[in-house]
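Overview (structure and organization)
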Amino acid sequence: MPAQNLEHFNTVPPDEARRILLACLRSPRWARRVAAHRPYPDLSALLAAADEAVYDLAAAELAEAVAAEPLPVLPEDIYLAASTALSAAYAAYEARFGHTFVICLGTVSPAETLDHLLAAIRSRLTNDPEDERVVTAEELRRLARDRLLRAARGRDLATSPDAPAIGA
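Since the structure is predicted, the reported quantities are computational estimates derived from the model, not experimental observations.

When two helices pack together, their arrangement is given by the angle between their axes and by how far apart the axes lie. Put simply, helix α6 (residues 80-97) and helix α8 (residues 129-152) touch, their axes get as near as 11 Å, and they point 115 degrees apart. For the pair α6 and α8, the contacting residues are Tyr93, Arg96 and Phe97 in the first and Pro129, Glu132 and Thr136 in the second. Class assignment for the residues of the contact of α6 with α8 results in 3 nonpolar, 1 polar and 2 charged.

The structure is reproduced here in structure tokens:
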């Protein structure tokens, strides 16, 4: 992260810092906590604080963040049959766990997105609810971290294209 971007993030008013953070993870408590611990000496410290703040979220706060997550974006050229299979898998997941399927696809190539999603849903459908809560919290942490990294590098955020980059 360029030093000027982190410096900007460290010095913006608290409301602006929280707005930037809420574009990364829609948890007001998480955003408040990460913003309140500024200034950060470097990107690693910011990411570590963000990770720790996710781990400290209560079950209701995790549920709130999960409810605000959109489903993963699929490639435009997806086949109808594949789309139908994925829709059925999402429905089965929501019926079993009562919330949207959350996964971080930051390192998955677009060509592998569908296969990765289907495999992950099928695998996670075998979890018991408590194990799945832990996996979901970890996926939220990974999503927040991925989005923070993108914001720090001045790239658009996947779920909020109008959100400012850290340093904007």
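There's more to say after this.
Going through the model one piece at a time under the given rule, you end up with 3 aromatic pairs. Taking the centre distance of 4.8 Å and the plane angle of 50 degrees together, the rings of Tyr93 and Phe97 count as tilted. Pair noted here: Tyr93 and Phe97 are both in helix α6, with a separation of 4 residues, about one helical turn. Geometrically, the ring pair formed by Tyr93 and Phe101 is edge-to-face, given 5.0 Å between the ring centres and 85 degrees between the ring planes. A single burial state applies to Tyr93 and to Phe101, both of which are buried. Its end group placed over the ring of Phe9, Arg38 keeps NZ or CZ at 5.7 Å from the ring centre.

Count 3.6 residues to each turn of an α-helix, and residues three or four apart come out pointing the same way. The end-to-end C-alpha separation of helix α4 (residues 43-55) is 19 Å, in line with the 18 Å expected for 13 residues at 1.5 Å each. Where α4 is concerned, the buried positions are Leu43, Leu46, Leu47, Ala49, Ala50, Asp51, Ala53 and Val54. With a side-chain oxygen lying 3.3 Å from the backbone nitrogen of Ser44, the N-terminal cap of α4 falls on Asp42.

Following the sequence through the fold, Arg141 ends up in helix α8. A polar side-chain atom of Arg141 sits 2.6 Å from a polar atom in the side chain of Glu138. Those residues in contact with Arg141 that lie beyond four places of it in its chain are Asp51, Val54 and Tyr55.

Turning our eyes to something else, we now look at the nonpolar core. Phe9, Leu21, Trp30, Val34, Leu46, Leu140 and Leu148 are the most contacted members of the largest nonpolar core, which has 33 residues in total. Among the secondary structure elements, those contributing two or more residues to this core are α1 (3-11), α2 (14-22), α3 (28-36), α4, α5 (59-67) and α8. In this structure, Leu140 is in contact with Leu25, Leu62, Ala65, Val66, Glu69 and Val102, ignoring residues within four places of it in sequence. Core analysis: the next-biggest nonpolar cluster, separate from the first, contains 15 residues, Ala89, Phe101, Ile103 and Leu118 among them.

Under the defined criterion, the tally for this structure stands at 13 salt bridges. With its nearest N and O atoms 2.7 Å apart, the salt bridge here joins Arg145 to Asp51. You can see Arg145 sitting in helix α8 and its partner Asp51 sitting in helix α4, a full 94 residues away along the chain. Overall, the relative accessible area of 29% leaves Arg145 in the partly exposed class. Arg124 is paired through a salt bridge with Glu132; the nearest N and O atoms lie 2.6 Å apart. Assessed through its relative accessible area of 7%, Arg124 is described here as buried. One connected set of salt bridges, linked through shared partners, spans Asp51, Glu138, Arg141 and Arg145.

About the thresholds
Residues numbered from 1 in each chain as written. Predicted model: local features only at pLDDT ≥ 70, side-chain atom pairs only at ≥ 80, totals over all residues. Heavy atoms only, no water. Axes fitted to C-alpha atoms, helices over the stretch in contact; angles between N-to-C directions. Helix = DSSP H or I, 4+ residues; strand = E, 2+ residues; numbered from the N terminus. Contact = heavy atoms within 4.5 Å. Nonpolar A, V, L, I, M, F, W, Y, C, P; charged D, E, K, R; others polar. Phe/Tyr/Trp six-rings, centres within 6.5 Å; stacked < 30°, edge-to-face > 60°. Buried < 20%, exposed > 50% of the residue type's maximum accessible area, 1.4 Å probe, protein only. Lys NZ or Arg CZ within 6 Å of the ring centre and 35° of its normal. Expected span 1.5 Å × (residues − 1). Polar contact = N/O pair within 3.5 Å; in protein donor to acceptor, adjacent residues only side chain to side chain. Core = buried A, V, L, I, M, F, W, Y, C linked by side-chain atoms within 4.5 Å. Salt bridge = Lys/Arg side-chain N within 4 Å of Asp/Glu carboxyl O.

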